[in-house]
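Residues per chain, in single letters:
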Amino acid sequence: MAPSWSNSTSRTSISPERPCGSGSISVVISDDESDEPSRMRFRVTKKIRRKKDRRPNFCFRTLRNISKWWFCLLLLPALVLFYSELFKTAPHGPRETREKLLSNGSRAVISHEKGTEKSEKEGESNLNRLDMPTRSVNGVREPCLKLLPPEDIEHLELPSEQASDGPVRSVVYAVLESRQEVGDNATASKQLEMESQNFNLFTGNQTLQERQESFKVQETMTVHCGFYSERGGFDIDLEDKRFMNNCKAVVSTCTFGGGDDLYQPIGMLQTSLKKVCYVAFWDEITLLEQEAEGKKLGENRTIGVWRIIVVHNLPFSDQRLNGKIPKMLGHRLFPQARYSIWVDSKSQFRRDPIAVFETLLGRTNSVLAISEHGARSCVYDEGNAIIKKHKAIPEEVERQLAQYRLDGYPKDARFDGHKALAEASVIVREHTATTNLFMCLWFGEVVRFTSRDQLSFPYVLKHLHTMRINMFPVCTRRALVNSMGHKHKAKPLIRQA
């Protein structure tokens, strides 16, 4: 059936039938009738044809424009990327940059190598901060270090009895016998058949056999622990020795070779100042540099709360090794001290020491507290990172790691569920037979191999696994100190031939 066009005005009429031959058939076509449908079909067809004709023209023009402007199209994203990186790395705006470049009427050199300027600014902003960092524990923010309130800290007293911390009861330190002292230095040095280039009259020569025996824990231990000979160096004035012998608790630091500034501790109560010695070890180089900057020793050889101990005749040409002596052998420098806190020279101690002893040692029933490493847990990965960052002589690190592999030290070693790898810029400890032995063995590994002490810490810990140790998280270390960064590299010690 044909469709009905209801809106069509075209009409066709046929007259009634007439006899044949009587007339003709008339067909009436209305004037409204037109060829609109055909025009519509034409227009549609024409539009379709135009679209079909337009497509190839558009593609052709696009390809032609691309071929004409291809260089600009490639250059534009490159310029966008360049300027985005430029603004991302630029530390200052144009005006501030010009002000930095012009200093005292002359053009200053601004170095961006290794982020020096950035680290110095961060260090300055950290100075004298007392805020307490927090961390999330089960979805709740808690302080990283839960100290007692000040009114309770004022009444804290150091324990009068020494804790029993394992099978070790006493430690005997190896020394050069008096009959061997007779003679010149050449004779004494010849006796030290050096297994390490760092062995000298201060360290003595610990053979590999003696090293292995020192890790076999017994009730009485005999070990090398520095101060092997009276002529070994690290000499301290008699007046300073008398002061150090009276210390029962110590916060100590050191700067040798003029490497860092001396940062005054903050956050302690006046009652703690009467119970705790604050001691900074310097050499002559540091003393001269600090005096040149106007920081001269006051009455009783003090600067602020620090008692400055000037050390003469340092035993190592490597200032990093000299710094390990007050860091690890505090029990030998302060023979009457029961507790100590070591703080690296790049940090500012910012808590009350008595409260820290109570929190990190007393509450956890520990004799040593030290921070977990913030980045790695494997000593072999740490060794590779040290080599990559040029922080030690590669041959020394590789020799140390090879010895640890030979001794069967595992890659995934952990201590009581925690990382065995430590970050040792802050060390809190009680001076017991076990911790004293630990420090002696740790110092021996540092002297034998490399001054990067984080490599040897987990190895020694594995052999003294009975020691009660608190491996606190990184955020606790941040609560203890303000990190200032090293001012500049320490000057090496140059000995006269």
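To be clear, the structure that these remarks concern was listed above.
Residues numbered from 1 in each chain as written. Predicted model: local features only at pLDDT ≥ 70, side-chain atom pairs only at ≥ 80, totals over all residues. Heavy atoms only, no water.

Caption draft 1: Seen up close, the state of the cysteines. This structure, assessed with the given rule, holds three disulfides. When the bonded cysteines of the chain are counted from the start of the sequence, the pairing works out to 1-6, 2-5, 3-4. (Disulfide = S-S within 2.5 Å.)

Caption draft 2: Main features of the side chain of Asn126. Checked against the element boundaries, Asn126 lands in helix α3 (residues 116-126). For Asn126, the side chain forms a polar contact with the side chain of Arg129, separated by 3.1 Å. Those residues in contact with Asn126 that lie beyond four places of it in its chain are Gln348, Asn482, Ser483 and Met484. (Helix = DSSP H or I, 4+ residues; strand = E, 2+ residues; numbered from the N terminus. Polar contact = N/O pair within 3.5 Å; in protein donor to acceptor, adjacent residues only side chain to side chain. Contact = heavy atoms within 4.5 Å.)

Caption draft 3: Structural detail: the side chain of Ser366. Take Ser366: it is sitting in the loop between α13 (353-362) and β15 (368-372). One polar contact links Ser366 to Thr364, side chain to side chain, over a distance of 2.9 Å. Residues within four places of Ser366 in sequence aside, it is in contact with Leu360, Leu361, Arg468, Ile469 and Asn470.

Caption draft 4: Local environment of the nonpolar core. Phe281, Ile370, Phe438 and Trp442 are the most contacted members of the largest nonpolar core, which totals 68 residues. Counting residues per element, this core draws most heavily on helix α16 (residues 433-448), at 10 residues. The residues contacting Ile370, other than those within four sequence positions of it, are Ala422, Glu423, Ala424, Val426, Ile427, Trp442, Phe457, Ile469, Asn470, Met471 and Phe472. The next biggest cluster of nonpolar side chains, apart from the first, holds 33 residues, and it includes Val251, Ile308, Val356 and Phe472. (Core = buried A, V, L, I, M, F, W, Y, C linked by side-chain atoms within 4.5 Å. Buried < 20%, exposed > 50% of the residue type's maximum accessible area, 1.4 Å probe, protein only.)

Caption draft 5: A look at unusual backbone geometry. Although it is not a glycine, Asn300 adopts a positive phi angle of roughly 60 degrees. Along the polypeptide, Asn300 turns up in the loop between α10 (284-292) and β11 (302-303). Accessibility expressed as a relative area gives 53% for Asn300, which makes it exposed. For Asn365, which is not glycine, the phi dihedral falls at a positive 55 degrees.

Caption draft 6: Main features of empty space enclosed by the protein. Counted by the stated rule, this structure contains four cavities of 30 Å³ or more. Roughly 90 Å³ of volume is contained in the largest cavity. Elements with a contribution of two residues or more to the lining of the largest cavity: β9 (249-255), α11 (319-328), β13 (339-343) and β18 (422-430). Element by element, the count of residues in the lining of the largest cavity is highest for β13, at three residues. Class assignment of the residues belonging to the lining of the largest cavity gives a composition of six nonpolar, three polar and two charged. (1 Å grid on protein atoms, 1.4 Å probe; cavity = no way out; pocket = protein on both sides within 12 Å on 5 of 7 lines; lining within 4 Å. Points joined across faces, edges and corners; volume = space filled by probe spheres on them. Nonpolar A, V, L, I, M, F, W, Y, C, P; charged D, E, K, R; others polar.)

Caption draft 7: Spotlight on the sheet that holds β13. Overall, mixed pairing links the eight strands, which are arranged β11-β12-β10-β9-β13-β18-β15-β19 in an open sheet. For this open sheet the edge positions go to β11 and β19 (469-472), each flanked by a neighbour on one side alone. In the sheet, β15 pairs with β19 via four bridges, with the strands oriented parallel. Note on β19: the bridge partner recorded for Ile370 is Met471. (Pairing = 2+ DSSP bridges.)

Caption draft 8: Quick peek at helix α14 (residues 379-388). For α14, the complete set of buried residues consists of Val379, Tyr380, Glu382, Gly383, Ala385 and Ile386. On its buried side, α14 packs onto α15 (394-406) and α17 (457-463). Residue His390 follows α14 closely and has a positive phi angle near 60 degrees.

Caption draft 9: Here's a closer look at the environment of Lys295. Topologically, Lys295 is positioned in the loop between α10 and β11. A relative accessible area of 29% means that Lys295 is categorised as partly exposed. Along the backbone, Lys295 and Asp261 are 34 residues apart, and their C-alpha atoms lie at a distance of 10.0 Å. Beyond its immediate chain neighbours, meaning those up to four positions away, Lys295 contacts Asp261, Gln290 and Ile303.

Function cannot be inferred from these measures alone, as they are strictly geometric.
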